[in-house]
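# Examining the three-dimensional arrangement
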Amino acid sequence: MSDRIHTLSGYFYEYQKSVTEPENFWARIADSFHWKKRWDKVVKWNFEEPNVQWFVNAKLNITENIFEKNLFAYGDRTAIIWEPSEPGEDSRSISYQELYEQVCQFANVLLSKGIQKGDRVIIYMPMIPEAAVAMLACARIGAIHSIVFAGFSATALADRINDCQAKAILTTDGNFRGNKKIAVKALVDEALEKSSVESVIVYKRTGQDIQMQEGRDFWWHEVTEGVSTSNKAETMDSEDPLFILYTSGSTGKPKGVVHTTGGYMVYTKYSFENVFQYSPGDVYWCTADIGWITGHSYIVYGPLLAGATTLMFEGVPTYPDPGRFWAVIDKHQVNQFYTAPTAIRALQAYGTEPLEPYKLDSLKVLGSVGEPINEEAWKWYYTHVGKSHCPIVDTWWQTETGGILVSPIAGITPTKPAFATLPLPGIQLAILDPEGNELTGNSVEGNLCVKFPWPSMIRTTWGDHERCKQTYFSTYKGMYFTGDGVKRDHDGYYRILGRVDDVINVSGHRMGTAEVENAINEHPLVIESAVVGYPHEIKGQGIYAYVICDTTNRTEDNLISEIKDMVAKIIGPIAKPDKLQIVPGLPKTRSGKIMRRILRKVAEGDTSNLGDTSTLLDPEVVNQIIAGKK
Ligand code: WTA
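Just so it is clear, the structure is predicted and the values come from calculations on it, not from any experiment. (Residues numbered from 1 in each chain as written. Predicted model: local features only at pLDDT ≥ 70, side-chain atom pairs only at ≥ 80, totals over all residues. Heavy atoms only, no water.)

### Details of the overall build of the protein
Basically, it comes down to this: Only DSSP runs of H or I covering at least 4 residues are called helices, and only runs of E covering at least 2 are called strands; the numbering of each starts at the N terminus. Using C-alpha atoms as the atom set, the radius of gyration is obtained and then compared with a globule rule of 2.2 Å times the number of residues to the power 0.38. Residue burial is assigned from relative accessible area. The probe radius is 1.4 Å, only protein chains are included, and a residue is buried under 20% of its type maximum, exposed over 50%, and partly exposed in between. In this description, contact between two residues means that some pair of their heavy atoms is separated by no more than 4.5 Å. Note on areas: Shrake-Rupley with a 1.4 Å probe; residue coverage comes only from the protein chains shown. Only four residue types enter the charge count: Lys and Arg as positive, Asp and Glu as negative, with His and the chain ends excluded. Where a charge lies is defined by one atom per residue type: Lys uses NZ, Arg uses CZ, Asp uses CG and Glu uses CD.
Per the secondary structure count, the protein includes 19 helices and 30 strands. For 630 residues, the compact-globule formula gives about 25 Å, and the C-alpha radius of gyration of the protein, at 24 Å, lands near that figure. In terms of its C-alpha atoms, the protein occupies a principal-axis envelope of roughly 75 × 65 × 55 Å. A total of 630 residues make up the protein; the buried ones form 61% of that total. Counting only contacts in the protein whose residues sit at least 6 apart along the sequence, the fraction spanning at least 24 positions is 71%. Accessible surface for the protein amounts to roughly 23,500 Å². Of this, 49% is attributable to carbon and sulfur atoms. Charged side chains in the protein number 63 positive and 76 negative. The centres of these two groups are separated by 3 Å.

What follows is the structure, given as structure tokens:
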């Protein structure tokens, strides 16, 4: 725990050290881990290619740092508390020793299925402890896991399987969602129609009827039976990939963000312990899904590396009633609670009544992640959930950053509603204007970049390094560009303003507008479409689609719901447009570019000042769109 920041001056001291002597700083943090071989150099990098290496030539296995290094000291400690969707079902508690044995056993199963170091394994599972076992078993043998959010469609799953050429899929028969049962395995079967996957291992969760294909599909409980619970961890290079996680970008195709082993390990543990001020014995709960980066870094890797007790919740905040989060906090005496603004706003809409039966007196720290938190939601969270004594850590980061980059240190950094406050040690931010000039000093606003590498940063995009270079390292020379707008106020505090590219953030989930457009355009009657985000009270941003289509012989309402359903089927329910307007044309410039700025304004309902429309090919179309808006 020597790397813990305890005071504000301690934070400034550490931050300063991390900038003036980054290699010494990170070497000191990394020294507390177990390396099979120490590094030759702490960091080697350039942001031109880009080529970033941390703990160069060091050898390790991340699971040995979770287990072997610590079992003697705290093997009996609870690693995972699992709370099922159905409140009547028993929760589970798994100790570090038990988790270790399950991970080793499942690692042996993977090996027996011919999975080797470097092979890709897709995990398409709901929030059950076996999902964490699956991740860690992959890491144990050096297979690269790629988790696909269990709410994604068969098509989205198939795209990801094919992009990374996965050899195996780990999944369940079904999945509980509120009072519904979702047929997970059936989606896997659909996705596998055209793929090279050799084995599918199915954990029985709901007991619903499924098809099992002889020779390809195996039951989890059958393949693990009698298998040894000891396994010798594979030796990994610090820069060997640990996982691929697909995320949306400005262009249509999701990209596979690649994270590597050594740096990711060091940074997730360090940031977890410091941001949340976790102490041994505390119960920590992050409500994200393991299908997102937050689940990777702050349900599984960060907390388990820190020897924390991490709670996994299978359900949703409103089932069986909107008091469920608060019931779980009291039941398991949660000390640190980490959720998304969209969940806070959704629960806020029910008022404070659902909170009344609960004490919530175990809480010490509250966290927020995934999208900007508005001041009202921040205050509600602070007052009604944290009873005005729990600091809120508004943590800004991204799939690509691997860990939290800007956040208060709980209870140490003075907070300000809606501000992510200050960068963590090691994070050198820069704000740039559109011409690429760095804006120094305070009270400035621009695009957020990072100018020095940090251990858990993206290394490449799977199978397409050029895309990584173009997307993140080409906008501003020598800088990692985040895609977010930011303001640094008079105190030097950072406030994230949201995406400046064609990515929208719906309920904290990233969605590329082009991805949604591609799905809409699959409909045979659709001619063209344009998708933008608009402010949505609960979701943060909603999806607004403008669609040109052939309406002969069809009623508009019918067509609209058909197209919306089709998007849900192609990508997943989270991508379903909230509003879909059929339009006679789209505002295009003479060069054929859609002027999204205008479409955003119309979607927001702010048509008083549309700015300069003189470059439009047909300015009249804008009036028609405004007139047709419902
Ligand atoms: C947004 C989630 C404001 C931001 C960890 C970023 C935030 C994108 C915050 C990444 C925050 C995340 N305040 N905005 N505290 N946290 N974002 O990859 O726009 O799913 O670029 O990673 O979410 O989303 P991603």
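### Some thoughts on the sheet that holds strand S18 (residues 336-339)
Under the convention used in this document: Strands pair, by our definition, only if DSSP identifies at least two bridges between them. Note on definitions: angles span 0 to 180 degrees between N-to-C directions of axes, and those axes are lines fitted to C-alpha atoms, for helices only across the stretch in contact.
The sheet built from seven strands is open, its strands ordered S5-S4-S17-S16-S18-S19-S20 with mixed pairing. Lying at the two open borders of the sheet, with one neighbouring strand each, are strand S5 (92-95) and strand S20 (392-395). Averaged over all neighbouring strand pairs, the angle between strand axes comes to 20°, with direction disregarded. The pairing of S18 with strand S19 (residues 365-369) spans four bridges and is parallel. Each bridged residue has a counterpart across the sheet, and for Gln336 the counterpart in S19 is Val365. Running at roughly 145° to S20, helix H10 (residues 261-276) makes contact with strand S16 (283-286), S18, S19 and S20 of the sheet. In the packing of helix H11 (residues 293-305) onto the sheet, contacts are made with strand S4 (78-83), S16, strand S17 (309-313), S18 and S19, and the angle to S16 comes to roughly 165°.

### A look at the UniProt feature "domain: Acetyl-coenzyme A synthetase N-terminal" (unreviewed entry) in the protein
Here is the rule: UniProt positions are given in the numbering used here, feature names are shortened, and annotations may be inferred rather than shown by experiment.
Within this structure's numbering, the places UniProt gives as "domain: Acetyl-coenzyme A synthetase N-terminal" (unreviewed entry) are residues 14-65. Taken end to end, residues 14-65 has its terminal C-alpha atoms 24 Å apart, with 38% of it in helix and 27% in strand.

### Comments concerning the site of the ligand
Under the convention used in this document: Nearness is judged by heavy atoms alone; a residue qualifies as near a molecule or strand once a single heavy atom is within 4 Å of it. Any pair of nitrogen or oxygen atoms within 3.5 Å is treated as a polar contact; in protein, a donor-acceptor pairing is required on top of that, and neighbouring residues in sequence qualify only through side-chain atoms on both sides.
As a structural note, the neighbourhood of the ligand is formed by 17 residues, with Asp394, Thr395, Thr399, Asp484 and Arg510 the closest of them. Contacts to the ligand include Pro372, whose backbone N or O atom sits 3.3 Å from a nitrogen atom. Relative to its unbound accessible surface of 530 Å², the ligand loses 96% to contact with the protein. When residues of the shell around the ligand are traced back to their parent elements, those giving at least two are H11, S20 and strand S25 (494-499).

### Regarding the pattern of salt bridges
Where we set the bar: In the sections that follow, a salt bridge refers to a side-chain nitrogen of Lys or Arg positioned within 4 Å of a carboxyl oxygen of Asp or Glu.
Within the structure shown, the criterion is met by 39 salt bridges. One salt bridge in this structure joins Asp40 and Lys37, with 3.6 Å as the shortest N-O distance. Judged by relative accessible area, Asp40 falls into the exposed class, the value being 53%. Judged by its relative accessible area of 35%, Lys37 is partly exposed. Across the salt bridge formed by Lys588 and Glu528, the nearest N and O atoms sit 2.9 Å from each other. A residue pair is termed long-range when its members are at least 10 positions apart, and Lys588 in the loop between strand S30 (579-582) and helix H18 (596-604) and Glu528 in strand S28 (residues 526-536) qualify at 60 residues. Through salt bridges that share partners, Lys185, Asp189, Arg216 and Asp217 make up one connected network.

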